[in-house]
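Close look at the chain arrangement
Residues per chain, in single letters:
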Amino acid sequence: MATPLFLAPRLESRLTSLLDSPGFLHDLVSALGSPLNVVLPDQVAENLEQFRSVYRRHRLGGDIFFAHKANRSSSLVRRLAATPAAIDIASLGELQHALGSGFAPDRIMATGPKNPEFLWLAARSGITVNIDSRAELEELAALVGKFGLPRVRILLRLSSFEATGTTVLTRKSRFGTSVQELDSLLNAVESHRDTTELIGVAYHLDTIGLPEKAVALEGCIKVMNACHSRGLRPRVIDIGGGFGVNYLADGEQWERYTTELTNAVLGRRSPLTWQGHGYGLRSEGGTLRGALGLYPAHRPVAGPRYLDELLSLPAPSLGGRPLATLLLENLYDLYTEPGRALVDQCGLALAKVLEVRRTAAGDCFVRLEMNAGDVSLEEHGVLVDPVLVPRPGGAAATSDNDSGPVGVHLIGNLCLEADFITRRTVFLPRLPVPGDLLGFANTAGYFMDFSADHALHQPIARKVAAFEDAGSWRWCLDDQYWPNITTGEHI
Ligand SMILES: Cc1ncc(COP(=O)(O)O)c(C=O)c1O
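Below you will find a few notes about this structure.

A few points about empty space enclosed by the protein
The gaps left among the atoms become clear once a water-sized probe is rolled over them. Evaluation of the coordinates by the stated rule reveals two cavities of 30 Å³ or more. Within this model, the largest cavity holds a volume of roughly 70 Å³. Lining the largest cavity are Leu-377, Glu-378, Val-382, Leu-383, Val-384, Pro-386, Leu-410, Ile-421, Thr-422, Arg-424, Val-426 and Phe-440.

What follows is the structure in structure tokens.
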């Protein structure tokens, strides 16, 4: 076999300890079926603290809003409700869930596209609304006026910021109002002062580029100045989410993998994917074309560290002082909306191995009791190995499965050619046997329930909350979890 190309997941202590508990995990899957999602509510509280420490380091005030869309879990949201976190909700259902999980309205903000029911409950319950467009502002103002609802706190989501002097690539977005239309938007804000109160301006950029975000943050500071010169008194800048996660333990493995993937696309080595899929790369007459469409799975600067670096960047056209200093000097509060980064290390998706089959063509298929929608790593372009969790007391190693590292194709339980858990050849430390589990680690951010559906009437994963108690793991169904109560602290 070719040298294995591992992409070992980054595992911090909780996930390591969980994966080191095969008996616990196998019992869970035996009882609740495969696939099974495990979430770790205590980890999300710890992650929040790390974000808060960045605020403290820069002496900034303001709230950290968990972008709920990253995971539907009740236990994660309820655990956060028991911390100083706030929550960013993007649908009527998420708003109802947040309210029902213990978030008071002053800790909830609505972002994204909104229908009339969503706007009504937002206004009725008194949460903050992040306004996407002038039309949305008009709709909200009309609703508040017509039904005599309380005045709503609003932020204006802006987009299309332009760098002055330097050339920084800024992408188009379907969300937010272009800063070029700021004047007319502020006219509307002024005319709706009786129904809405402008508390700040916002952006969310779906990019990992720090320079692009620095341009947007600097742009927001300038917009705040424009608001103040008009007599408006916003005090918050909301810089959205997108702080990222480091999924891989070892940067060298990532470098080696992407180099070898390129070689495979160019035909210089054996394929590394099913049917030579190139993740955006292709060979044209021996020349490499296209662009690698993958998440940079090894990202040492991610999460709170990414926020720290962004805040420390100089504002090029505002005297070159750090962005955090400018926020502090103006007494502006900072809002952030981390989704993926706040649930870093908070989840594990488990799948049972159903069948291991070698074909005459030399491929090895490992069929899982799970499908590609149950763990949509591939959809998000995140390449990371699952962890093999052998069945305790399972079949003894045979000459076949004791042969050391092996490259396999992970296929799902749908009667569909395309149902590959990943199109990548995955290297495992040994060949699994039916009854073993594969654990996809760090899947709480978008992977475990965002795309799962009932295709072919296959069940979608149940979700459990796991927590440590006196050195051992305990669990309950996700929707049975209530902080302090479930964990017995109230006694
Ligand atoms: C408005 C808004 N805020 C926050 C987020 C969270 O982004 P991330 O999970 O990358 O932190 C998103 C993601 O789509 C978003 O649309």
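Thoughts on the environment of Ala-141
With respect to the helices, strands and loops of the structure, Ala-141 is situated in helix α7 (residues 134–146). Classification of Ala-141 by relative accessible area gives buried; the value is 5%. Taking the C-alpha atoms as reference points, Ala-141 and Gly-412, separated by 271 residues in sequence, lie 49 Å from one another. Apart from residues no more than four positions distant in its own chain, Ala-141 is found in contact with His-192 and Thr-195.

Quick word on the layout of surface pockets
In this structure, the largest pocket spans a volume of roughly 1,000 Å³. In terms of lining, the largest pocket is formed by 36 residues, of which the most central are Lys-69, His-204, Leu-205, Asp-206 and Tyr-446. Summarising the domain contributions, the lining of the largest pocket has at least three residues from each of domain 1 (13–40 + 345–480) and domain 2 (41–245 + 299–335).

Some thoughts on α7
Here α7 spans 18 Å end to end across 13 residues, near enough to the 18 Å set by a 1.5 Å rise per residue. Of all the residues in α7, the buried ones are Glu-136, Leu-137, Leu-140, Ala-141, Leu-143 and Val-144. Taken down its axis, α7 places every buried residue within 160° of arc, on the same side. For α7, the exposed residues lying more than 90 degrees away from the buried face are Ala-135 and Lys-146. The elements touched by buried residues of α7 are α6 (116–125), β5 (128–131), β6 (152–159), α8 (182–191) and β8 (196–202). Positive backbone phi, at 60°, marks Gly-148, one or two positions downstream of α7.

A short note on helix α3 (residues 41–57)
Between its terminal C-alpha atoms α3 stretches 25 Å, which fits the 24 Å expected from 17 residues at 1.5 Å a residue. Of all the residues in α3, the buried ones are Pro-41, Gln-43, Val-44, Ala-45, Asn-47, Leu-48, Phe-51, Val-54 and Tyr-55. Looking at the buried side of α3, the elements it contacts are α1 (13–19), β1 (36–39), α4 (74–81), α11 (304–312), β12 (333–335) and β19 (462–469). Of the residues flanking the end of α3, it is Arg-59, one or two places downstream, whose phi is positive at about 55°.

A few points about the site of the ligand
For the ligand, the set of nearby residues contains 13 residues, the closest of which are Gly-242, Glu-337, Gly-339, Arg-340 and Tyr-446. Here Asp-88 contributes a side-chain N or O atom positioned 3.4 Å from a nitrogen atom of the ligand. In the model, an oxygen atom of the ligand is placed 2.9 Å from a nitrogen or oxygen of the Gly-339 main chain. Given that more than half its atoms are within 2 Å of the pocket grid, the ligand belongs to the largest pocket. Counted by class, the shell around the ligand contains three nonpolar, five polar and five charged residues.

Focus: the state of the cysteines
Two cysteines, two sulfur atoms, one covalent bond between them: this is a disulfide. A complete count under the given rule lists zero disulfides for this structure. Free cysteine: Cys-476, not disulfide-bonded; nearest cysteine sulfur from Cys-346 at 15 Å.

Procedures and definitions
Residues numbered from 1 in each chain as written. Predicted model: local features only at pLDDT ≥ 70, side-chain atom pairs only at ≥ 80, totals over all residues. Heavy atoms only, no water. 1 Å grid on protein atoms, 1.4 Å probe; cavity = no way out; pocket = protein on both sides within 12 Å on 5 of 7 lines; lining within 4 Å. Points joined across faces, edges and corners; volume = space filled by probe spheres on them. Helix = DSSP H or I, 4+ residues; strand = E, 2+ residues; numbered from the N terminus. Buried < 20%, exposed > 50% of the residue type's maximum accessible area, 1.4 Å probe, protein only. Contact = heavy atoms within 4.5 Å. Domains from an automatic or database assignment. Expected span 1.5 Å × (residues − 1). Arc of directions from axis to C-beta. Near = heavy atom within 4 Å. Polar contact = N/O pair within 3.5 Å; in protein donor to acceptor, adjacent residues only side chain to side chain. Sits in = over half its atoms within 2 Å of the grid points. Nonpolar A, V, L, I, M, F, W, Y, C, P; charged D, E, K, R; others polar. Disulfide = S-S within 2.5 Å.

Without other data, these values stay purely geometric and don't point to any function.
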